[in-house]
Every structure is written in structure tokens, then in C-alpha cells.
Amino acid sequence: MKRLLREHGFDCVLFQSAEALQKCDNFDQAFCIVLDINLNDESGIELRHKLIAAGISLPVVYITGNDNHATRMAAMESGCVAYLTKPFSAKSLIEPIEKVSAGFA
């Protein structure tokens, strides 16, 4: 994913865990977060709620390999800009990120 984003002109930072992302104290250059719904140590949707509670309300693109109606609805209700099911095309990831980036500039 990092290589794909860089190929389209986006710098990105990868985090090894939900906890590592929550400990990040520098979101100044960020304009979007890509989160897997099923993280090893937490739900991506729950992580999104924690980030918002901490004052980090960046747009989110969710990705998942385990799509179901309840998860999709919870993701949409959390305010994501895209919900992608694996496998997904590069275009389906890049397009919402480009839209968010255009609004950020």
C-alpha cells in the first residue's frame, strides 16, 4: 500500500498497531487515514472513534477482508470517505484519497 500511495504522489506513514497510531502526536501534515477494519489489537472503527475523541477528525478510508452489512453500516456511520473490500483496485483506493487531498490543499 505504501508503494502504491507513493507512486501516486502521496507520502505516508505506516503504524504497526492501533496503539502506535494513537500515540502519534504529529498529524499536521496528514489529510487522511487509511484503516483496516480488523486490526490485530482493535477494531478500526473503534480506533476511529477514539481518534475523534482525541480531537483527530481526519477523513478515513476503511479497508476490510471481512465485509458484512453490520460492519459496513458502522463504518459509514463513523463518517468514512470510502469503504473498500479486499481485494480492491488501486483506483478505488486512490480516487477517494485524491478527492480528500484536493479539498485539503
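You'll find the structure just up there.
Worth saying up front: this structure is predicted, and the values here are computed from it rather than measured.

Attention shifts here to the layout of surface pockets. When its volume is computed, the largest pocket comes out at roughly 990 Å³. Lining of the largest pocket is provided by 33 residues; of these, Cys-12, Val-13, Leu-14, Phe-15 and Val-34 occupy positions nearest its centre. Listed by contribution, the elements that provide at least two residues to the lining of the largest pocket are helix H1 (2-7), helix H2 (18-23) and strand E1 (33-36). Broken down by element, the residue count for the lining of the largest pocket peaks at four residues, all from E1. Among the residues making up the lining of the largest pocket, the classes are represented as 21 nonpolar, seven polar and five charged.

Moving on, we get to helix H4 (residues 69-77). The opening residue of H4 is Asn-68, an N-cap whose side-chain oxygen sits 3.1 Å from the backbone nitrogen of Ala-70. One or two positions beyond H4, positive phi appears at Gly-79, with a value near 90°.

Turning our eyes to something else, we now look at the environment of Gly-65. When you line up the elements, Gly-65 lands in the loop between strand E2 (60-64) and H4. Take Gly-65: its relative accessible area is 47%, and that puts it in the partly exposed class.

Counting across every chain of the model gives six salt bridges. A salt bridge links Lys-50 to Glu-42; the nearest nitrogen and oxygen atoms lie 3.1 Å apart. According to the relative accessible area criterion, Lys-50 is partly exposed, its value standing at 42%. Among the residues examined, Glu-42 registers a relative accessible area of 15% and is labelled buried. The salt bridge partner of Lys-91 is Glu-95, with a shortest N-O separation of 3.7 Å.

With that out of the way, let us pick up the packing of aromatic side chains. Under the definition given, this model contains one aromatic pair. Between Phe-10 and Phe-31, the aromatic rings sit 5.8 Å apart at their centres with planes inclined by 55°, giving tilted as the arrangement. In this pair, Phe-10 sits in the loop between H1 and H2 while Phe-31 sits in the loop between H2 and E1, placing the two residues 21 residues apart along the sequence. The same class applies to Phe-10 and to Phe-31, which are both buried.

Another aspect to go through is helix H3 (residues 44-53). Along H3, the positions that sit buried rather than exposed are Gly-44, Ile-45, Leu-47, Arg-48 and Leu-51. Down the axis of H3, the smallest arc covering the buried residues is 155°, so these residues share one side. The inward-facing, buried residues of H3 contact H2, E1, E2 and H4. The backbone nitrogen of Ile-45 has a side-chain oxygen 3.1 Å away, supplied by the residue at the start of H3, namely Ser-43. Phi for Gly-55, located one or two positions after H3, is positive at around 90°.

Each value, and the rule that gives it
- Throughout this document, residue positions are counted from 1 along each chain, in the order its sequence is written.
- With the structure being a predicted model, the display of local features is reserved for residues of pLDDT at least 70 and the display and counting of side-chain atom pairs for 80 or more, all residues being used for whole-chain, interface and lining totals.
- Each side-chain value is worked out from all heavy atoms of the structure, with water and hydrogens disregarded.
- Residues are said to line a cavity or pocket when one of their atoms sits within 4 Å of a point; the points come from a 1 Å grid over protein atoms alone, cavities being sets where a 1.4 Å probe fits but cannot get out and pockets being open sets with protein on both sides within 12 Å along at least five of seven lines.
- Grid points are joined across faces, edges and corners, and a volume is the space filled by probe spheres set on the points.
- Here a strand is any run of E in DSSP of at least two residues, a helix any run of H or I of at least four, and the numbering for each starts at the N terminus.
- Residue classes follow a fixed rule: Ala, Val, Leu, Ile, Met, Phe, Trp, Tyr, Cys and Pro count as nonpolar, while Asp, Glu, Lys and Arg count as charged, and any other residue, Gly among them, counts as polar.
- Under the rule applied, a polar contact is a pair of N or O atoms within 3.5 Å (in protein, one hydrogen donor and one hydrogen acceptor; residues adjacent in sequence only if both atoms are side-chain atoms).
- Only protein chains enter the accessibility calculation, which uses a 1.4 Å probe; a residue whose area is less than 20% of its type maximum is buried, one above 50% is exposed, and one in between is partly exposed.
- Every case where a carboxyl oxygen of Asp or Glu lies within 4 Å of a side-chain nitrogen of Lys or Arg is listed as a salt bridge.
- Working definition: a ring pair exists when centres of Phe, Tyr or Trp rings (six-membered ring for Trp) sit within 6.5 Å. Plane angles under 30 degrees give stacked, over 60 give edge-to-face, the rest tilted.
- Arc definition: it is the arc formed by the directions from the helix axis to the C-beta atoms.
- Residue contacts are defined here by distance: any two heavy atoms, one from each residue, within 4.5 Å place the two residues in contact.

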